[in-house]
Amino acid sequence: MNQIVTTQGHAPAIQISNFDQLMRFGQMAAKSGMVPSQYNGKPDAIIIAVQMGSELGLAPMQALQNIAVINGRPSVWGDALLGLVRASSVCDDVIETFEGDGDSLTAICVAKRKGKSPVEARFSVSDAKKANLWDKQGPWKQYPRRMLQMRARGFALRDAFPDVLRGLITAEEAADTPQDNFRQSVSQQSIDITPEPKRVPPPVDHRQIIEAKLSKAETPQDAMKVRGQWIDAVAKSEAAGRPIAEDVQNTVAGMIEERLDELAAAYQPENADLVLEHAPA
């Protein structure tokens, strides 16, 4: 498995150089009966697996034999993971040992990258029990030492060679890791992307507002103040990009002038000396 990219130093017979060839290979392999059961009759899955394998440096058939999708996550069998790392030019060595016994039995993997400090990972029987793996039916019951070894190997190699493995984990670890709740909730979540409606302020009845103010005016000076407020309101609305309709402006101006005339007529007999100058509407 150390020579993972080629077999006995020879290049693989199948050379895929473009997408059309990859599609033809996927269709042929899906019908061949010579691929793992998860790829039987699934040319699209074969295409993706071969592409993923090419990024790791695996030949097409090696990719199909060593890449598995388990619990919704692509992974690589532990022996292939070790082969990929040892075939890399940045790998100096990978050393695997055991120590202790009973609950203290521990698998140790030391991954040495050229020019870097060694990375050591340990996984013990005690760790397996804490993770509820030790009593799990299947490989953990049949090959407990092997499973401890795979777990320590996966941790060490991923920490020391993340660029070589491209984030893949061992298939042995993936089998023990169900799809997490976060990914499952995100995949099943229905997201409403409808934009929130803009809140449109209710229309302002300027006629009613000015009419209420004019009804409280008792002198021509009071009406003149209302007219000044109205002129300011018109200017501010214009500056804010919400101009008041011209017919409303004309109606309100007429209301103000009419009220001014009424107040002036009522006010002049008692204030003969008052001269009221009407400002233009």
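In what follows, the structure referred to is the one given above.
Below you will find a few notes about this structure. (Residues numbered from 1 in each chain as written. Predicted model: local features only at pLDDT ≥ 70, side-chain atom pairs only at ≥ 80, totals over all residues. Heavy atoms only, no water.)

**Section: the pairing of strand E2 (residues 73-76)**
Turning to step 1, where the next piece is worked out: The pairing of strand E1 (residues 67-70) with E2 spans 4 bridges and is classified as antiparallel. From the neighbouring strand, Ala68 faces E2, where its bridge partner is Ser75.
Turning to step 2, where the next piece is worked out: Two successive antiparallel strands, E1 and E2, enclose a turn made up of 2 residues, where Asn71 displays a positive phi of approximately 55°. (Pairing = 2+ DSSP bridges. Helix = DSSP H or I, 4+ residues; strand = E, 2+ residues; numbered from the N terminus.)

**A word on the packing of helix H4 (residues 78-87) against helix H7 (residues 144-160)**
Turning to step 1, where the next piece is worked out: Relative to each other, H4 and H7 sit at 35°, their axes nearing to 10 Å. Crossing hand, H4 versus H7: left-handed. In this structure, H4 uses Gly78, Asp79, Leu81, Leu82 and Val85 to contact H7, whose residues at the interface are Arg146, Met150, Arg153, Gly154 and Leu157.
Turning to step 2, where the next piece is worked out: Partitioned by chemical class, the residues of the contact of H4 with H7 number 5 nonpolar, 2 polar and 3 charged. (Axes fitted to C-alpha atoms, helices over the stretch in contact; angles between N-to-C directions. Left-handed = near helix turned anticlockwise from the far one by under 90°. Contact = heavy atoms within 4.5 Å. Nonpolar A, V, L, I, M, F, W, Y, C, P; charged D, E, K, R; others polar.)

**What about the sheet that holds strand E4 (residues 106-113)?**
Turning to step 1, where the next piece is worked out: Judged by pairing direction, the sheet is antiparallel, and its 3 strands sit side by side in the order E3-E4-E5 without closing on themselves. The outermost strands of the open sheet, each flanked by one partner alone, are strand E3 (91-99) and strand E5 (119-124). Taken pair by pair, the neighbouring strands of this sheet meet at an average axis angle of 15°, ignoring direction.
Turning to step 2, where the next piece is worked out: One ladder, built from 6 bridges, connects E4 with E5; its direction is antiparallel. Residue Val110 lies in a different strand from E5, and its bridge partner there is Glu120.
Turning to step 3, where the next piece is worked out: With respect to the sheet, H7 is in contact with E3, E4 and E5, its orientation differing from that of E5 by roughly 150°.

The quantities given are spatial measurements derived from coordinates; they are silent on function.
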